[in-house]
Amino acid sequence: MFPGPLGASLAGRALERGLWSLDVRDIRAVATDRHRTVDDTPSGGGLGMVLKADVLAAAIDAAAPADDLRPRLLMSPRGAPLDQARVRALAAGPGALVVCGRFEGVDQRVIDGRGLEEVSIGDYVLSGGELAAMVVLDAAVRLLPGVMGKEASGEDESFSHGLLEYPHYTRPAVWEGRAVPDVLVSGDHARIARWRREQAEALTQARRPDLWRKLKGED
Ligand code: ADE
């Protein structure tokens, strides 16, 4: 699956330029039996299969020695919700080992024994962790130095100040009878900044009361 969409566009060009790199491991490659088994039935019964602790630990140990300081993420709908602060921390750090689960789950002992930090990209269930890992990587890679032009520094966008972003417009001045707001063509930069701030606050209050409360320090 990798690099998949990370091989295209902004992340793909950055990958080609060596601004980041990807070392993809197939967990099955470290399975030792004839059938390269990576999963087994759940202890205690139930549906689905569980990713085996011994196999996954061998894959992790092969990819990251014990003194490897990179955070170890396990993509999982049970995890802490990913947010821009976590993305910024990942982008500023030494990289990450990202484990993509498949099957019904991962043996809890390898999560505990290898210090895996569970991360979720939202309250829905994907069929595997790969797409979630790509989301984490895409969000982090675009913040790496040199990936975005300086015109789009990531400073002014949604979540960077805990607010959703204000609405954007470009030419033509009128489209299907809808005009670009006058303030944006006024040339008054202080007024424009104030308008954008107000719009961002109104949008955040209306759409994301959770973010608004957090910003106001009420949570
Ligand atoms: N794997 C399956 N669903 C997921 C989710 N919502 N977030 C992260 N990893 C997942």
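Treat the numbers as computed from the prediction; the structure is a model and nothing was measured.

Conventions adopted
- Residues numbered from 1 in each chain as written.
- Predicted model: local features only at pLDDT ≥ 70, side-chain atom pairs only at ≥ 80, totals over all residues.
- Heavy atoms only, no water.
- Domains from an automatic or database assignment.
- Salt bridge = Lys/Arg side-chain N within 4 Å of Asp/Glu carboxyl O.
- Helix = DSSP H or I, 4+ residues; strand = E, 2+ residues; numbered from the N terminus.
- Buried < 20%, exposed > 50% of the residue type's maximum accessible area, 1.4 Å probe, protein only.
- Pairing = 2+ DSSP bridges.
- Axes fitted to C-alpha atoms, helices over the stretch in contact; angles between N-to-C directions.
- Core = buried A, V, L, I, M, F, W, Y, C linked by side-chain atoms within 4.5 Å.
- Contact = heavy atoms within 4.5 Å.

Participant: Help me understand the domain arrangement of the protein, please; the structure alone is not making it clear to me.
Facilitator: It is common to give the size of an interface as the accessible area lost on bringing the parts into contact. Along its sequence, the protein is organised into domain 1 (4–141) and domain 2 (156–215). The distance between the C-alpha centroids of domain 1 and domain 2 comes to 36 Å.

Participant: For this particular structure, what's the right way to read the pattern of salt bridges?
Facilitator: As a working rule, side chains carrying opposite charge can pair if their charged atoms are close by. In this structure the tally under the stated criterion is 10 salt bridges. When the shortest N-O distance is used, the salt bridge between Arg 114 and Asp 61 registers 2.8 Å. A residue pair is termed long-range when its members are at least 10 positions apart, and Arg 114 in the loop between helix 4 (108–113) and strand 6 (117–120) and Asp 61 in helix 2 (residues 53–63) qualify at 53 residues. Look at Arg 114 and you get partly exposed, because its relative accessible area is 28%. Look at Asp 61 and you get partly exposed, because its relative accessible area is 38%.

Participant: How do you make sense of the sheet that holds strand 4 (residues 97–100) when you look at a structure like this?
Facilitator: Working definition: the strands of a sheet are paired by backbone hydrogen bonds and lie parallel or antiparallel to each other. Reading across the sheet, the 3 strands line up as 4-3-6 and stay open at both edges, with parallel pairing between neighbours. In this open sheet, the two strands that pair with only one neighbour each are strand 4 and strand 6. Ignoring strand direction, the axes of neighbouring strands in this sheet form an average angle of 55 degrees. Bridge count for strand 3 (residues 72–81) against strand 4 is 4 bridges, and the pairing is parallel. For Arg 72, the partnering residue across the bridge sits in strand 4 and is Leu 97.

Participant: Help me understand the nonpolar core in this model?
Facilitator: Nonpolar side chains in soluble globular proteins generally cluster together in the buried interior. Ranked by internal contacts, the top residues of the largest apolar core, which has 21 residues, are Leu 6, Trp 20, Met 75, Val 141 and Leu 144. If one sorts the elements of this core by residue count, helix 5 (residues 130–141) sits on top with 8 residues. Those residues in contact with Met 75, other than ones at most four positions away along the chain, are Val 98, Val 99, Gly 101, Val 119, Ile 121, Gly 129, Ala 132, Ala 133 and Val 136. Ranked by size, the runner-up nonpolar core spans 19 residues in total, among them Ala 53, Ile 60, Ile 111 and Leu 116.

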